Amino acid sequence: MVLSQKETTYLQDLKKEEQDCIEKYTRYASLAKDQKLKDLFNEIGAAEKTHLDTINCILNGNIPDMSTSSKGSQTASSPAPSPQVNTALNEDKKNDQYLCNDTLATEKYVSSVYNTGIFEFKDARIRDILNHIQKEEQEHGKKIYDYMAANGLYA
């Protein structure tokens, strides 16, 4: 498989986005106060690592086998707990709310970058892979939103 210069540059940009996501989720997992949020950030960070591996595989001239990739897009998320009634946020909740707001904005952005990328590649297999990753990025955003809604953090 031969990539054009534009495709290569786009993949390098995606690689940087995934590296930034991994760093952010790793750092935020250590900063989160709620253990469920720590676990969520660790889960999403692991999926971002899979995305990075996929992008690196394509950059190395290979088409990865997506049947062994993260199955996040094929599993239904568990129902979110009922939102808490108390709207007053303590400092720990404010901290976690900030982390969630930032990661949700990141997922929105990264999903849009993948959306654009889908249209930049001539190889349908690569477009399918990028579409698969984009769907997973959207699911990450939904998981963060669900956590926020369940914990009275989405305003």
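Above this text is the structure in question.
Colleague: I'm lost on the overall build of the protein in this one. Help?
Modeller: If you tally the helices and strands in the protein, you get 4 helices and 0 strands. Reading the protein from its N end, one meets helices and strands in the order α-α-α-α. For the protein, buried positions account for 41% of its 155 residues. Long-range contacts, defined here as pairs at least 24 residues apart, represent 80% of the contacts in the protein between residues at least 6 apart. Of the accessible surface of the protein, which amounts to about 8,500 Å², a share of 51% is contributed by carbon and sulfur atoms.

Colleague: Please clarify how the packing of aromatic side chains should be interpreted in this entry.
Modeller: Aromatic rings considered in pairs are described by the distance between their centres and by the relative angle of their planes. Using the criterion set out here, one finds 4 aromatic pairs in the structure. Where Tyr25 meets Phe41, the ring centres are 5.6 Å apart and the plane angle is 55 degrees; that geometry is what we call tilted. Pair noted here: Tyr25 is in helix H1 (residues 5–31) and Phe41 is in helix H2 (residues 35–59), with a separation of 16 residues, a long-range link. In this structure, Tyr25 and Phe41 share a single accessibility class: buried. Measuring from ring centre to ring centre gives 4.8 Å for Tyr145 and Tyr154, while their planes differ by 75 degrees; the resulting arrangement is edge-to-face. Accessibility expressed as a relative area gives 37% for Tyr145, which makes it partly exposed. By the ring-pair criterion, three or more aromatic residues cluster together here, those being Tyr25, Tyr28 and Phe41.

Colleague: What is the right way to look at the nonpolar core in this model?
Modeller: Side chains of a nonpolar character, in soluble globular proteins, are inclined to be buried together. If you look at the biggest cluster of nonpolar residues, it comprises 32 residues, and the most contacted ones within it are Leu14, Phe41, Leu130 and Ile144. Counting residues per element, the ones that place at least two in this core are H1, H2, helix H3 (91–118) and helix H4 (124–150). Dropping the residues within four chain positions of it, Phe41 is found in contact with Tyr25, Tyr28, Ala29, Ala32, Leu99, Cys100 and Thr103.

Colleague: I would appreciate a short explanation of the side chain of Glu107 in the present structure.
Modeller: Note on placement: Glu107 falls in helix H3. With no salt bridge to any partner, buried Glu107 finds its closest opposite charge in Lys24, at an N-O distance of 8.7 Å. Ignoring anything within four residues of it in the chain, the contact list for Glu107 reads Tyr25, Ile44, Glu48, Glu137, His140, Gly141 and Ile144.

Colleague: Mind showing me how you'd approach the packing of H2 against H3 here?
Modeller: Packed helix pairs are specified by the crossing angle of their axes together with the interaxial distance, meaning the distance between the axes. It is at 13 Å that the axes of H2 and H3 come closest, and there the two elements cross at 20 degrees. Looking at the two axes, H2 sits roughly parallel to H3. For the crossing formed where H2 meets H3, the hand is left-handed. Here Leu37, Phe41, Ile44, Glu48, His51 and Ile55 of H2 lie close against H3, whose contacting residues are Asp96, Leu99, Cys100, Thr103, Glu107 and Tyr114.

Colleague: Before we go on, may I ask you to explain H1 in this structure?
Modeller: Counted at 1.5 Å a residue, the expected span for H1 with its 27 residues is 39 Å, and the 39 Å between its end C-alpha atoms agrees. Those residues of H1 not exposed but buried are Glu7, Thr8, Tyr10, Leu11, Leu14, Glu17, Glu18, Cys21, Ile22, Tyr25, Tyr28 and Ala29. Considering only its buried residues, H1 is in contact with H2, H3 and H4.

Colleague: Help me understand the pattern of salt bridges, please; the structure alone is not making it clear to me.
Modeller: Oppositely charged side chains may form a pair once their charged atoms are brought near each other. Summed over the entire model, instances satisfying the criterion amount to 10 salt bridges. Note that Arg27 and Glu23 form a salt bridge whose closest N and O atoms lie 3.0 Å from each other. Placement of both Arg27 and Glu23 in helix H1 is noted, with a separation of 4 residues, approximately one turn of the helix. For Asp146, the salt bridge goes to Lys142, with nearest N and O atoms at 2.8 Å.

The rules behind these values
- Residues numbered from 1 in each chain as written.
- Predicted model: local features only at pLDDT ≥ 70, side-chain atom pairs only at ≥ 80, totals over all residues.
- Heavy atoms only, no water.
- Helix = DSSP H or I, 4+ residues; strand = E, 2+ residues; numbered from the N terminus.
- Buried < 20%, exposed > 50% of the residue type's maximum accessible area, 1.4 Å probe, protein only.
- Contact = heavy atoms within 4.5 Å.
- Areas by Shrake-Rupley, 256 points an atom, 1.4 Å probe, with all protein chains shown as cover.
- Phe/Tyr/Trp six-rings, centres within 6.5 Å; stacked < 30°, edge-to-face > 60°.
- Core = buried A, V, L, I, M, F, W, Y, C linked by side-chain atoms within 4.5 Å.
- Lys, Arg positive; Asp, Glu negative; His and termini not counted.
- Salt bridge = Lys/Arg side-chain N within 4 Å of Asp/Glu carboxyl O.
- Axes fitted to C-alpha atoms, helices over the stretch in contact; angles between N-to-C directions.
- Parallel < 35°, antiparallel > 145°, perpendicular 65-115°, else oblique.
- Left-handed = near helix turned anticlockwise from the far one by under 90°.
- Expected span 1.5 Å × (residues − 1).

Keep in mind these values describe shape, not function.
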